[in-house]
Structures are given as C-alpha cells and as structure tokens.
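An overview of the molecular structure
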Amino acid sequence: GETVVLHNVYYALNKAIVLKESKAALDELAGMLIKNPTMTIEISGHTDNIGKKAYNQKLSEARAKNVVAYLVSKGVEAKRLQAKGYGDSMPVAPNTNADGSDNADGRKQNRRTEFKVLSK
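Residues numbered from 1 in each chain as written. Predicted model: local features only at pLDDT ≥ 70, side-chain atom pairs only at ≥ 80, totals over all residues. Heavy atoms only, no water.

Secondary structure assignment for the protein chain yields 3 helices and 4 strands. Its helices and strands in sequence order give the protein chain the pattern β-α-β-α-β-α-β, from N to C terminus. Over its C-alpha atoms the protein chain spans a radius of gyration of 15 Å, differing by no more than 12% from the 14 Å that the globule rule assigns to 120 residues. Dimensions of the protein chain along its principal axes, counting C-alpha atoms only, are 50 × 25 × 25 Å. Counting only contacts in the protein chain whose residues sit at least 6 apart along the sequence, the fraction spanning at least 24 positions is 68%. Of the roughly 7,100 Å² of accessible surface on the protein chain, a fraction of 55% belongs to carbon and sulfur atoms. Each charge sign in the protein chain was given a centre, from 19 positive and 13 negative side chains, and these centres are 6 Å apart. (Helix = DSSP H or I, 4+ residues; strand = E, 2+ residues; numbered from the N terminus. Rg over C-alpha atoms; globule rule 2.2 N^0.38 Å. Contact = heavy atoms within 4.5 Å. Areas by Shrake-Rupley, 256 points an atom, 1.4 Å probe, with all protein chains shown as cover. Lys, Arg positive; Asp, Glu negative; His and termini not counted. Charge placed at Lys NZ, Arg CZ, Asp CG, Glu CD.)

Here you go:
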C-alpha cells in the first residue's frame, strides 16, 4: 500500500506525452514487475495547481494511462496495472509560499507520477 514517487518521469509541457528521458525509470519499473509476476500496481498522475481543476484532472489521468501503455509495451500485462489521475488534489508541497508568491519548487514536486502496490 505504500506509494512511491517515480523520479525522472517527464512529459511534454501541458501534454501527456511521455518523454524519452523517462525511459530508464520506466524500464526499471517494468523490470521489477516482470520479476514479480503476481504484483499489481496503480500508476497515479498528479499536477500542480496551475490551470483549471478539470484540465489538471484530465491531464493527470492521460499521463497515468500513457505510463501504463508504456509498461504494457515492455511486456507487463495490462490487467496488473491501474491508471488513476488525481489532478492537483494531493499536493506533497505548497504551490505558493507563505507570502502568496509562486513556489516553483513546490509546484515541481507536485507534478509527479507515483505507483502504489495493490497486491503482491
């Protein structure tokens, strides 16, 4: 049930396209799943709070689905993967500073992809 941030997973700006710089991190995850053939996971997409909530929700869902599609392309069975988008509803850092100014580092932390083991 623990949630793990997938570091070094990148997308095109305001798009769900998984960039090639993400390949190493996603290949590592695919390898772990192939070595553990009964494990099922949820891939979750998250955004910062810039933009409309509905847009962020759709973007996070599309990103999670594209990560699932990549893992399937690497040999992981689709039935072992769930994609879920959370938009900006689960920040891990403040999007703004105490004085109300933009917190670019906080927003960067909130734009993330995670996985959670659902069953081993």
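Let us keep going from here.
Next up on the list: the layout of surface pockets. Roughly 640 Å³ of volume is contained in the largest pocket. Contributions of two or more residues to the lining of the largest pocket are made by helix H2 (53-73) and helix H3 (104-110). Of the residues contributing to the lining of the largest pocket, the split by class is 11 nonpolar, 9 polar and 7 charged. (1 Å grid on protein atoms, 1.4 Å probe; cavity = no way out; pocket = protein on both sides within 12 Å on 5 of 7 lines; lining within 4 Å. Points joined across faces, edges and corners; volume = space filled by probe spheres on them. Nonpolar A, V, L, I, M, F, W, Y, C, P; charged D, E, K, R; others polar.)

Here the focus is helix H1 (residues 23-35). Between the first and last C-alpha of H1 there are 18 Å, a value that for 13 residues agrees with the 18 Å anticipated at 1.5 Å per step. Residues of H1 that are buried: Ala25, Leu26, Leu29, Ala30 and Leu33. Mapping the buried residues of H1 onto a view down its axis gives an arc of 135°, with all of them on the same face. With respect to the buried face of H1, the exposed residues turned more than 90 degrees away are Ala24, Glu28 and Lys35. Packed against the buried residues of H1 are strand E2 (40-45), H2, strand E3 (81-85) and strand E4 (113-119). (Expected span 1.5 Å × (residues − 1). Buried < 20%, exposed > 50% of the residue type's maximum accessible area, 1.4 Å probe, protein only. Arc of directions from axis to C-beta.)

Counting through the fold element by element, Met90 comes out in the loop between E3 and H3. Not counting residues up to four positions away in its chain, the partners in contact with Met90 are His46 and Arg112.

In a structure, side chains of opposite charge can pair up when their charged atoms sit close to one another. Enumeration according to the criterion identifies 6 salt bridges in this entry. Between Lys79 and Glu77 there is a salt bridge; the shortest N-O distance is 3.9 Å. In this structure, the salt-bridge partner of Arg112 is Glu114, at a minimum N-O distance of 2.8 Å. Residue Arg112 is classed as buried on the basis of its relative accessible area, which comes to 7%. By relative accessible area, which is 8% here, Glu114 ends up buried. Through salt bridges with shared partners, a single ionic network connects Asp48, Asp102, Arg107 and Arg111. (Salt bridge = Lys/Arg side-chain N within 4 Å of Asp/Glu carboxyl O.)

As paired strands, E2 and E3 are joined by 5 bridges and run parallel to one another. Bridge pairing in E3 places Gly45 opposite Gly85. Following the chain from E2 across H2 to the adjacent parallel E3, one finds a crossover that is right-handed. (Pairing = 2+ DSSP bridges. Right-handed = clockwise from strand over helix to strand, strands pointing away.)

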